[in-house]
Amino acid sequence: MLIENFNFIQSQYPQVFMVTAFCFGAIVGSFLNVCIYRIPEGISVVYPGSRCGYCGASIPWYLNIPIFTWFFLRGKAACCEGTFSFRYAFVEILTGVAFLWAWLYYEPVVAIIGMVFAAILIATTFIDLDHMIIPLRFSVGGMLLGVILSFVFPQLHGMDAAVGLESHLKSGILSIVGVLVGSGTIYWIRLLAEIALKKEAMGEGDVMFMGCIGAFCGWEGGLFAIFGGSTIGTLLVVPIMLVQRLTQKRSVDSEEKDDDSLKIGMAVPFGPMLALGGWLYFAGLSPWVEAYLQTIVEIF
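Residues numbered from 1 in each chain as written. Predicted model: local features only at pLDDT ≥ 70, side-chain atom pairs only at ≥ 80, totals over all residues. Heavy atoms only, no water.

Before going further, it helps to examine the packing of helix H6 (residues 136-152) against helix H7 (residues 165-197). The contact between H6 and H7 brings their axes to 7 Å, and the two run at 155 degrees. As the angle between them shows, H6 and H7 are arranged roughly antiparallel. Helix-helix and strand crossings are classified by hand; for H6 and H7 the assignment is right-handed. Each of Met143, Gly146, Val147, Ser150, Phe151 and Val152 in H6 lies in contact with H7, whose residues at this interface are His168, Leu169, Ser171, Gly172, Ile173, Ser175, Ile176 and Val179. When grouped by side-chain class, the residues that make up the contact of H6 with H7 number 8 nonpolar, 6 polar and no charged. (Axes fitted to C-alpha atoms, helices over the stretch in contact; angles between N-to-C directions. Helix = DSSP H or I, 4+ residues; strand = E, 2+ residues; numbered from the N terminus. Parallel < 35°, antiparallel > 145°, perpendicular 65-115°, else oblique. Left-handed = near helix turned anticlockwise from the far one by under 90°. Contact = heavy atoms within 4.5 Å. Nonpolar A, V, L, I, M, F, W, Y, C, P; charged D, E, K, R; others polar.)

Rendered as structure tokens:
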């Protein structure tokens, strides 16, 4: 009966689930903002509740509504008028859009898994941008979660759950292969880059995070996240970071430090590029990527 009601609403009023997916994503995005700020600081994401970052006052629920609150208060805290970055609203909007896209593109089961995957990617991206680290709960934890979900829900890797145990095993194996190929490939790239540059080229967190992406996307998605993500990410992320650094207000004390930060070879977080590649593959590029890789396999 429940499934029949769901199918009826989905067929007659699809906007209901579309709005629900976006709003749920915005709510999750609000929680991700908490994770992005607190996890690197070693603070619980549950307690204490939401507080002003300037004066420490508790934020009531009616002033903690995702997206709406930032625009309603014009980016200022109601308690002390401290200014808050638009990034808080941006993360909520981004998560809402990602959840909506997953819902529109996939069947419900895979869509919900895609929402989980998107949340991991978004949290990892902004933590890596801020602190140049990828927490183990997102890399290793995400990898284990991806493998488990692949075994339980073979639809994630295009298998028919109705076939039985065989489809569950194949899906799980594809996920494990994705972990090994993804993390193994980027490990060797990291090793060779260190030999060539004679310094650390990327952190171990990137290697483990690649295992997470491979678990959800398989080996094809893992390879695309590494090569496609790094290419697209370089074209997008590096110019933005350079502009941000160039437009920073320089003080007399920090002028020399800023000049050093602009020189070639400055550290750039690789996690956001991997996350971008992983999401693009999951969100719709997988047929083209798989066809391209299949062509290469046939040549050799």
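Let us keep going from here.
Turning our attention to the packing of aromatic side chains. In the structure shown here, the tally under the stated rule is 15 aromatic pairs. Between phenylalanine 84 and tyrosine 88, the aromatic rings sit 5.9 Å apart at their centres with planes inclined by 75 degrees, giving edge-to-face as the arrangement. For phenylalanine 84, a relative accessible area of 22% translates into the label partly exposed. Using a relative accessible area of 36% as the deciding quantity, one classes tyrosine 88 as partly exposed. Measuring from centroid to centroid gives 6.4 Å for phenylalanine 90 and phenylalanine 126, while their planes differ by 75 degrees, and the two rings are edge-to-face. Highlighted residues: phenylalanine 90 in helix H4 (residues 87-105) and phenylalanine 126 in helix H5 (residues 108-131), separated in sequence by 36 residues. Taking relative accessible area as the criterion, phenylalanine 90 reaches 38% and is therefore assigned partly exposed. With a relative accessible area of 8%, phenylalanine 126 lands in the buried category. Aromatic ring contacts, followed pair by pair, group Trp101, Tyr105, Tyr106, Phe117, Phe216, Trp279 and Phe282 into a single cluster. (Phe/Tyr/Trp six-rings, centres within 6.5 Å; stacked < 30°, edge-to-face > 60°. Buried < 20%, exposed > 50% of the residue type's maximum accessible area, 1.4 Å probe, protein only.)

Attention now moves to the side chain of serine 150. Within the secondary structure layout, serine 150 lies in helix H6. According to the relative accessible area criterion, serine 150 is buried, its value standing at 0%. A distance of 3.3 Å separates polar atoms of two side chains, one belonging to serine 150 and the other to serine 175. Discounting residues that sit within four places of it in the chain, serine 150 has contacts with Leu156, His157, His168, Ser171, Gly172, Ser175 and Ala215. (Polar contact = N/O pair within 3.5 Å; in protein donor to acceptor, adjacent residues only side chain to side chain.)

Assignment of secondary structure puts threonine 125 in helix H5. In this view, threonine 125 contacts Pro272 and Ala275; residues no more than four positions away in its chain are not counted.

On the surface, a nonpolar cluster with roughly 970 Å² of combined accessible area is contributed by Leu144, Ile148, Phe151, Val152, Phe153, Leu165, Leu169, Ile173, Ile176, Val177 and Leu180. Here the nonpolar patch takes 6 residues from H7, the largest share from any one element. On the secondary structure map, valine 152 appears in helix H6. A relative accessible area of 44% means that valine 152 is categorised as partly exposed. (Patch = residues over 30% accessible without salt bridge, like charges linked within 9 Å, V, L, I, M, F, W, Y side chains within 5 Å. Areas by Shrake-Rupley, 256 points an atom, 1.4 Å probe, with all protein chains shown as cover. Salt bridge = Lys/Arg side-chain N within 4 Å of Asp/Glu carboxyl O.)

It is worth spelling out the nonpolar core at this point. Residues Phe117, Ile186, Phe209, Ile213, Phe216, Leu274 and Trp279 are the most contacted members of the largest nonpolar core, which totals 51 residues. Of all the secondary structure elements, the ones that give two or more residues to this core are helix H2 (14-38), H4, H5, H6, helix H8 (204-246) and helix H10 (271-299). Of all the elements, H5 adds the most residues to this core, at 13 residues. Setting aside residues up to four positions removed in sequence, tryptophan 279 forms contacts with Ala98, Trp101, Ala102, Gly114, Phe117, Ala118 and Leu121. (Core = buried A, V, L, I, M, F, W, Y, C linked by side-chain atoms within 4.5 Å.)

Let's shift gears to the environment of serine 58. Locating serine 58 in the fold gives a position in the loop between H2 and helix H3 (68-72). Distance from serine 58 to cysteine 79, taken between C-alpha atoms, is 8.9 Å for residues 21 residues apart in sequence. Among residues more than four places away in sequence, those in contact with serine 58 are Ser50 and Arg51.

Turning our attention to the packing of H2 against H5. Look at H2 against H5: their axes get within 10 Å of each other, and the N-to-C directions meet at 35 degrees. Once H2 is placed against H5, the crossing between them reads as right-handed. Where H2 approaches H5, its residues Ala21, Val28, Leu32, Cys35 and Ile36 are matched on the opposing element by Met115, Ala119, Ile122, Ala123, Phe126, Ile127 and Asp130. Here the residues of the contact of H2 with H5 are counted per class, giving 11 nonpolar, no polar and 1 charged.

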